[in-house]
Amino acid sequence: MSATKTKVQSIIDENPVAVFSKSYCPYCREAKKLLSDSGAKFLAIELDQIDDGSAIQSTLQEITGQRTVPNIFIGKQHIGGNSDLQGKKDLDSLLKSAGAV
């Protein structure tokens, strides 16, 4: 397994909620706001502000089939992007079961 893939998997495994984001992305901001408003503890990785952001984004595409951001994981499960997150009717219970609230 590549070092980048190991890093990405560690981030997903070690955080109740992981949001792979870009600082300027309005959809990423919406997703992070919803999580904050829900009281969720989450790690946001701003891919445009780290040296290996492009490699991480490519690795996420390999893992999930999704290249766009935000790329969201809750309880080690791939949720998808902002519209997927916004559409989660059971978001509160999902966050609780992941230990994020």
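Residues numbered from 1 in each chain as written. Predicted model: local features only at pLDDT ≥ 70, side-chain atom pairs only at ≥ 80, totals over all residues. Heavy atoms only, no water.

Attention shifts here to the overall build of the protein. Of the regular secondary structure elements, the protein holds five helices and four strands. Over its C-alpha trace the protein gives a radius of gyration of 13 Å, about what one expects of a compact globule, namely 13 Å for 101 residues. Dimensions of the protein, computed from C-alpha atoms along their principal axes, come out at roughly 35 × 25 × 20 Å. Sorting the 101 residues of the protein into buried and exposed places 39% on the buried side. If you average the places of the 12 positive and of the 12 negative side-chain charges in the protein, the two averages end up 3 Å apart. (Helix = DSSP H or I, 4+ residues; strand = E, 2+ residues; numbered from the N terminus. Rg over C-alpha atoms; globule rule 2.2 N^0.38 Å. Buried < 20%, exposed > 50% of the residue type's maximum accessible area, 1.4 Å probe, protein only. Lys, Arg positive; Asp, Glu negative; His and termini not counted. Charge placed at Lys NZ, Arg CZ, Asp CG, Glu CD.)

Inspection of the entire model under this criterion finds one aromatic pair. Ring geometry for Phe20 and Phe73: centres 6.0 Å apart, planes at 85°, overall edge-to-face. Separated by 53 residues along the polypeptide, Phe20 in strand β1 (residues 17-21) and Phe73 in strand β3 (residues 71-74) bring together distant segments of the chain. Residue class for Phe20 comes out buried when judged on its relative accessible area of 0%. (Phe/Tyr/Trp six-rings, centres within 6.5 Å; stacked < 30°, edge-to-face > 60°.)

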